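Working through the structure, step by step
So the chains spell out like this:
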Amino acid sequence: MGLIWLIGKRLLYAVVLITAVLVLNFSLLHLAPGDPADAIAGEMGGATAELLAEIRALYGLDKPFLVQLGLYLQRAYQGDLGMSFYYNLPVVDLILQRLPATILLVITALIFATVGGTALGVLAARKPGGFTSSMVTLLSLVGYAAPIFWTGLMLIILFGVVIPFFPISGLYNVAKMATGLSLAVDIAHHLVLPSFTLGVVYLALYSRLTRASMLEVMQADYIRTARAKGARERTVYLRHALRNAILPVVTMAGLQFGSLISGAVLVETVFNWPGLGTLVFESVIARDYPTVLGVLFFSATLVIAANLFTDLVYRMIDPRIRLRD
Amino acid sequence: MKRIMLAAIAVTMMLSGITVSSADGGTLVIATTQKPRHLNPAVQSGIATAVPGTQIFATPVRFDENWNPQPYLAESWAFSDDGMALTLNLRKGATFHDGHPITSKDVAFSIETIKANHPFKTMFGPVEAIDTPDDHTAVLRLSAPHPALLLALSSALGVIIPEHIYGDGQDPKAHPRNSDTVGSGPFKLAEFKPGEHIILEKNENFFLEGYPKLDRIIIKNYKDVTSMVLAMDSGEVDMLPFLAGTRDIARLRKNASIEITDQGYAAVGPLNWLAFNTKHEIFKDVRVRRAIAYAIDRDFIVNALHGGFSTAATGPVHPGSPFFAPDVESYDLDLAKAAALLDEAGYPAGSDGVRFSVELDYLPAFAEQQKNVAEYLRPQLKKVGIAVQLRASPDFPSWAKRVSSHEFELTMDVVFNWGDPVIGVHRTYVCSNIRQGVIWSNTQSYCNEEVDALLDAAGKEIDQAKRQTLYRQAQQIIVDEVPLAFLNTLPYHTAYNKNKIGSPPLSIWGAMAPLDKVTVQ
C-alpha cells in the first residue's frame, strides 16, 4: 500500500511539475529578444522580409503567444513534442539521438562519485588527522573548488595533448567506423575524461560527507556494542557504521541529480559530448522553442524519476522509513 | 621494458588504423563549429550547409583561384550578345546519386526553387524564364543583363537538385529530404547526425572520370573552438577551415605538421565594421561619422588586436574581389582632424572633455572581432571626446532583434560579400533595402540616389572593365559618406595536416567548393 501510494503521489506531482516547467520556460523563451526566424536568418547570412514572414508562418510564430502556448501544451500532452524549428526534424528524434550519451555520462559520473567518494570517505575516517585523511581532505577540497570547465580543460591539455592517452572529444571516433565490441571499447575510452570531470566535484563532496558522517557514527553507542560483542573491525566499519553513515550521501546524490544534469551541459561542451546538455544550449541560442522544451520535459522527468528512485533506496537502507509510512 | 614499449606502439598503430599510403582513397576529417540546419543549399545559405552541400550537390559551373568560371555540370555556356540570355550546355550521362539522369528540367526546377526560397533574392532575381529545348540545354532568359549570374550558378549557391525528389509539392524550405539528400556531387550522404557529424561517401558514378580521390569525408562538429583547435593540434582531425581566432592561428602555426593558409576566402569576403544608425540624431551628420572614422587606428586593430592576421578593410568590397577599389579615402588616423570635425558639427567638448555619449552594441561571442575591437574603441573614441558605453548582447537573436529594429546607435558587425557585389554588397547600401526586422539589410538607413543608380548600373553591366569603374565610383561615394566605418577583413584561415593532405581547397570558395581533387595519405 505504502509503496503504491508513494509512486502514485509522485506521478501526480510529476504532471503538475512538468506543466509548470513547460509553461514557465515557454514564457521565458518568448520573452527573450529575437525569435527562431532571426536565428535562422543569422545562420543563412541574411534574409528578406518575405522569407522571414514565411518562416514565421511555417512554424506558427505569427499566432498570439497564448494560442501558441495552448497548442504546444495540447500537443505535448498527446505525446507530440513537435518539430525542431532549427533542424526541421521531430524533437523526439533529436532527443532520442542525444539522450543515451547524457545518461551514460551522468550515470557513470554518479557511480564514480558515490562509490569512489564513499570509499575515500571511509578511508579518511579511519585515522582522522593521519596522512591518508589529510590527503583525502586536500584532494576533495581541490576537486570541489575547481570549476568543472577548468578541470575539463586541464585534463584535456594533460591527457589529450601532453600525454595523449585519452581521446578528448566526442562519444566515439567516427573516423574509425567501428562497430560492436570495438565501438563499445572506443566509447568507454572516450567516457573516461568526461565522466571523471563531471564526477570529481561530487566525489569530493561525498568523500567529505562520508568522512564526517563516519566520524560521527563511530562515536555512537551501537558501534561500541558491536565492538563489545566481538565483531571484526571490518564488519564494524562496513556493516554497522557505513550503512548508517551513507544516508546523507544517498540524500545528496538524489537531490543533486538535477545539478549533475546541469553540470553535464558544461562537460558536454568542453568534451564535445553529443548529449542533451549541448542540445539544449544550442537550441536556446537558436530560439528553437520546441527542442528546448522537449529537452526540459525529458530532464524534468529524469530528475523526478531519480528522486523517486532515491526514496526507494532510502527505504531499502533505512528500515525506519519503511515503518513510518 | 623496451619490448613493452614497442608492443604498445604496435598496438597504438593498429588501433589508429595507419595504412599504406596511396594517392586515392582514404578519409578526410574536417572540423567545424558550424551546425547546419540541413544539407540543401538551394533553400539554405551559409557556411554550415555549404561545406557539406557542395560535396553532395553539383552546380553548373565552379570557379578557380582567380575568379575564372570552369565547366562542372555544364560543359560549356554562352551569354547572348545582348547579355539577356545564358545558354548552359549540360554534360551528358551525368546522374543523381539515385541513378536518375540530370536533365535541363532539373536545372530549371532548381533555379526556380532557389529564386523562390533562397534568402539571396538578387542571385536569380532577373531570371524571367528558363527554356529547356532539349534534355541537355537550358536557356536562362533575363529581364536585364546579369553579370553575377555565373557566380550565382557556382559552388555554394546555384546547386542543382533533383526535381523527382524535391518537386513533390511540399514546401522546399521544410522538405523532409533536406536532411536526407539526393544530389549529384562527388560525395553522397551516408549519415547526418545534427550537431554531431556528417559522413559523406564517395560517389562511384561521379560525372568527372577519376574523381573524387577520397573514399570518405567526415565533418565533425565541435561545440567550442578551443577543443576544436586542440583536436587539430593533436592530429585528431585533418583540416580546419574558417578558423578566425588569431591566437588559434598562431598556436597551430607552431605545429610543424600543420600548414595554414588564408587562400580560399575571396568569395565569401568577410568584413568587420562599425555601423552607424544614420537616422540617429548625432550620426545623421556625416561630419560626426567621418570624425569617428578618422579617430580609429586600423593599424592597431590589425596588428595589435589581430596579431597581423587580418588586413585593413577600406571599403564595402573585400580586397580579394575583382571589384575592390583601392583609391578611396583611407581615413588614416588623425585625432586633430576628428576633433575639428566634431567641433564643426556642433559638438564642442564639455568641461569634462566629453562631447556626447553613445551606446555601442556588440556580440561578445565574437571575441576578437567584436568584443576586443569594441573595448578598444571605447578609450580610443574617448580621446576625441566621445563617451562610448558598451552594450553586449547575450546571443545572436537578441542582437539581431535590436539592430534589425533599428534600435541601436553604433554596432559592431561582421558581414560577408558572398561572391558578387550584387549578392552581398548592394543589400547594405540601397535605399530600397531599408527594412524593419531584417538583419543584414540596410539597417544603417543609408540612402543616396546616386549610389543606388551606380550600383544598379554596375549590377547590369556586362563589360567587366566598365563594371569595375561603376563599382569604384559607388565605393568612393560610400566611403566618403561613411555609413559604416570599415575596420578589417575577418582573418579566415584553413589549417590542414600538410603531411597528409594533397590539393587543399584554395579556390575562391575554399571549403565551400567540391573537394573532389583533395587527397589524403
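A brief report on the enclosed structure follows. From a predicted model like this one, the values you see are computed outputs, not experimental measurements. (Residues numbered from 1 in each chain as written. Chains lettered and ligands numbered in written order. Predicted model: local features only at pLDDT ≥ 70, side-chain atom pairs only at ≥ 80, totals over all residues.)

**Things to note about the interface of chain B and chain A**
Across the contact, 50 residues belong to chain B and 42 residues belong to chain A. Those elements giving two or more residues to the side of chain B that touches chain A turn out to be strand E1 (27-32), strand E9 (197-202), strand E10 (216-221), helix H6 (225-233) and helix H12 (396-404) of chain B. With 6 residues, the single largest contributor to the side of chain B that touches chain A is H12 of chain B. Looking at side-chain class alone, the side of chain B that touches chain A contains 19 nonpolar, 14 polar and 17 charged residues. (Contact = placed C-beta atoms within 7 Å. Helix = DSSP H or I, 4+ residues; strand = E, 2+ residues; numbered from the N terminus. Nonpolar A, V, L, I, M, F, W, Y, C, P; charged D, E, K, R; others polar.)

**Some points on helix H7 (residues 246-253) of chain B**
Residues and elements named next belong to chain B. Three or more residues of H7 are buried, namely Thr-246, Asp-248, Ile-249 and Leu-252. For H7, the angular spread of the buried residues around the axis is 160°, confining them to a single face. Contact partners of the buried residues in H7: H6, strand E11 (239-243), strand E12 (258-261), helix H11 (367-382) and strand E18 (493-497). (Buried ≥ 20, exposed ≤ 12 C-beta atoms within 10 Å, placed from the backbone. Arc of directions from axis to C-beta.)

**Details of the environment of Ile-163 of chain A**
With respect to the secondary-structure elements, Ile-163 of chain A resides in the loop between helix H7 (148-162) and helix H8 (180-217). C-alpha of Ile-163 of chain A to C-alpha of Leu-6 of chain A: the two residues are 157 residues apart in sequence and 51 Å apart in space.

**Some details on the sheet that holds strand E5 (residues 85-90) of chain B**
Sheet strands pair by backbone hydrogen bonding; their relative direction is either parallel or antiparallel. Residues and elements named next belong to chain B. On the basis of which strands lie adjacent, the open sheet formed by 4 strands has the order E4-E5-E7-E6 and antiparallel pairing. Both edges of this open sheet fall to strand E4 (74-79) and strand E6 (127-134), since each of them pairs with a single strand only. The mean inter-strand angle of the sheet, taken between neighbouring strand axes irrespective of direction, is 20°. Pairing analysis gives 5 bridges linking E4 to E5, with the strands arranged antiparallel. Note on E5: the bridge partner recorded for Trp-77 is Leu-88. Running over the sheet, helix H3 (residues 104-117) touches E5, E6 and strand E7 (137-142) and is turned about 170° from E6. (Pairing = 2+ DSSP bridges. Axes fitted to C-alpha atoms, helices over the stretch in contact; angles between N-to-C directions.)

**Some words on the nonpolar core**
Counting residues in each nonpolar core, the largest one holds 245 residues, and the members touching the most others are Leu-28, Ile-217, Met-232, Trp-273, Ala-291 and Ala-485 of chain B. The greatest single-element share of this core, amounting to 13 residues, is contributed by H8 of chain A. Not counting residues up to four positions away in its chain, the partners in contact with Trp-273 of chain B are Ala-313, Asp-413, Leu-484, Ala-485, Phe-486 and Leu-487 of chain B. (Core = buried A, V, L, I, M, F, W, Y, C linked by C-beta atoms within 7 Å.)

**Concerning the packing of H7 of chain A against helix H12 (residues 257-270) of chain A**
Each packed pair of helices is defined by two parameters, the angle between the axes and the distance between the axes. Residue and element names in this part refer to chain A. Where H7 meets H12, the axes come as close as 9 Å, and the angle between the chain directions of the two elements is 25°. Of the possible angle classes, the one that applies to H7 and H12 is roughly parallel. For the pair H7 and H12, the crossing hand works out as right-handed. Within the contact between the two elements, H7 uses Ile-148, Phe-149, Gly-152 and Leu-153 and H12 uses Gly-263, Leu-266, Val-267 and Val-270. Its residues assigned to classes, the contact of H7 with H12 comprises 6 nonpolar, 2 polar and no charged. (Parallel < 35°, antiparallel > 145°, perpendicular 65-115°, else oblique. Left-handed = near helix turned anticlockwise from the far one by under 90°.)

It is worth stressing that arrangement in space is one thing and function is another; only the former is reported here.
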